[in-house]
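# Structural description and commentary
Chain by chain, the residues run as shown.
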Amino acid sequence: MFDVKLVLGILKDREKVEQKGLREAESLAAMGKAVSSLAHDLKTPLVGIGILSRLMQKRLKEEDPCQEKLDLIIGEIQRLEKMVEEMLDFSRPLELHRSEKDVNQLVNQSIEIVAPIAQKKNIEIQNESPQSLPLVSIDDLRIKQVLINLLMNAVEASPEGEIVRVCSYKKRKNLFIEVTDCGCGIPTEKREEIFVPFFTTKQGGTWLGLPIAKKIVEAHQGYLEVLNNAEKGATFRVIISIG
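As a further point, take the overall build of the chain. For the chain, the count of helices and strands is five helices and seven strands. In sequence order, the secondary structure elements of the chain are arranged as α-α-β-α-β-β-α-β-β-α-β-β. Long-range contacts, defined here as pairs at least 24 residues apart, represent 72% of the contacts in the chain between residues at least 6 apart. Only carbon and sulfur atoms are counted for the fraction: they give 56% of the accessible area of the chain, which is about 15600 Å².

Here it is, written out as structure tokens:
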């Protein structure tokens, strides 16, 4: 015989979860619309400032004392341009262009891009992936975007002289890519918050890197999760179904 109170309780809990999910979806949609509007308003004048600044840079002589200041201005413009692109990436629908790709090749290419930044902190990035992974149907540019973001975060989180490790492997019908840092780890109560747009524990950027990475992985019918390591640091794990 069914326990009516138990069944009603289960249904009520399920309804609460569904309502919470609906509210979160509506909130993200509204936030995406606001971010998109802001990014478009910023993009046009920013492009104009960038063009004028680069024209001035070409006309100045190398020994001109204004060159150094202009270099700083152009550097900040580039940072703002990247922020605007991230805001647009977050706000617009994600279209994937899948093809069969070698994951190890993507990992190596991503490491090459981040390596100069890691070298400035005397941090080594080690690829511990086996070389016998199957080709996977993914959007390689998007997955590379995820890997670069995770590697950059790992380098920033790790103290000088440490090692950042990357490992990709196949388990059953899933592909796993793990990026492990040697930082202070992420408290359990913060693990969900770090994927919330505009939440951050560091200065600079748009605070959209991890939310965008999560969006890309989920578009591949996958998951992005974070785990604390036994000794120190955190591991960000990308899981994509290849079955």
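When you line up the elements, E95 lands in the loop between helix 2 (66-91) and strand 1 (99-101). With relative accessibility at 58%, the residue E95 sits in the exposed group. C-alpha of E95 to C-alpha of I216: the two residues are 121 residues apart in sequence and 9.3 Å apart in space. In contact with E95, not counting residues within four places along its chain, are D139 and R142.

For the rest of this paragraph, the subject is the pairing of strand 4 (residues 163-171). Of the strand pairs in this sheet, strand 2 (residues 124-127) and strand 4 are connected by four bridges, and their pairing is parallel. Paired with N127 across the bridge in strand 4 is V166. Of the strand pairs in this sheet, strand 4 and strand 5 (residues 174-180) are connected by seven bridges, and their pairing is antiparallel. Looking at strand 5, one finds that K170 is bridged to L175. Between strand 4 and strand 5, which pair antiparallel one after the other, the connecting turn spans two residues, and R172 there sits at a positive phi close to 55°.

All right, on to the sheet that holds strand 5 then. Read across the open sheet, the five strands follow the order 2-4-5-7-6; overall the sheet is mixed. Only two strands of the sheet have a single partner each, and these edge strands are strand 2 and strand 6 (222-228). Looking at each pair of strands side by side, their axes are set apart by 15° on average, direction ignored. Lying over the sheet, helix 5 (residues 209-219) contacts strand 6 and strand 7 (234-241), oriented at roughly 135° with respect to strand 6.

Moving on: the environment of C184. Within the secondary structure, C184 is located in the loop between strand 5 and helix 5. A residue is classified by how much of its surface remains accessible, and C184, at 81% relative accessible area, is exposed. Each C-alpha atom of the pair C184 and A157 lies 7.5 Å from the other, and the pair is 27 residues apart in sequence.

Another aspect to go through is unusual backbone geometry. The phi angle at R172 is positive, at roughly 55°, despite the residue not being glycine. In this fold, R172 is placed in the loop between strand 4 and strand 5. Looking at R172, the relative accessible area reads 69%, which means it is exposed. You will see that Q221, though not glycine, has its phi angle at about 60°, which is positive. Here Q221 shows up in the loop between helix 5 and strand 6.

Moving on: the pattern of salt bridges. This structure, assessed with the given rule, holds seven salt bridges. Of the charged contacts in the structure, one is a salt bridge between K101 and D140, with a shortest N-O distance of 3.8 Å. Note that K101 is positioned in strand 1 and D140 in helix 4 (residues 140-157), a separation of 39 residues in sequence. Look at K101 and you get partly exposed, because its relative accessible area is 28%.

Another aspect to go through is helix 4. The α-helix winds at 3.6 residues per turn, so residues separated by three or four positions along the chain end up facing the same way. An ideal rise of 1.5 Å per residue puts 26 Å on 18 residues; helix 4 measures up with 25 Å between its terminal C-alpha atoms. Along helix 4, the positions that sit buried rather than exposed are D140, R142, I143, K144, V146, L147, N149, L150, L151, N153, A154 and V155.

Structurally, the position occupied by T235 is in strand 7. Within the local environment of T235, its side chain forms a polar contact with the side chain of T180, the two groups lying 2.8 Å apart. With sequence-adjacent residues up to four places away left out, T235 is seen in contact with E178, V179, T180, E225, V226, L227 and N229.

Rules of the game
- Residues numbered from 1 in each chain as written.
- Predicted model: local features only at pLDDT ≥ 70, side-chain atom pairs only at ≥ 80, totals over all residues.
- Heavy atoms only, no water.
- Helix = DSSP H or I, 4+ residues; strand = E, 2+ residues; numbered from the N terminus.
- Contact = heavy atoms within 4.5 Å.
- Areas by Shrake-Rupley, 256 points an atom, 1.4 Å probe, with all protein chains shown as cover.
- Buried < 20%, exposed > 50% of the residue type's maximum accessible area, 1.4 Å probe, protein only.
- Pairing = 2+ DSSP bridges.
- Axes fitted to C-alpha atoms, helices over the stretch in contact; angles between N-to-C directions.
- Salt bridge = Lys/Arg side-chain N within 4 Å of Asp/Glu carboxyl O.
- Expected span 1.5 Å × (residues − 1).
- Polar contact = N/O pair within 3.5 Å; in protein donor to acceptor, adjacent residues only side chain to side chain.

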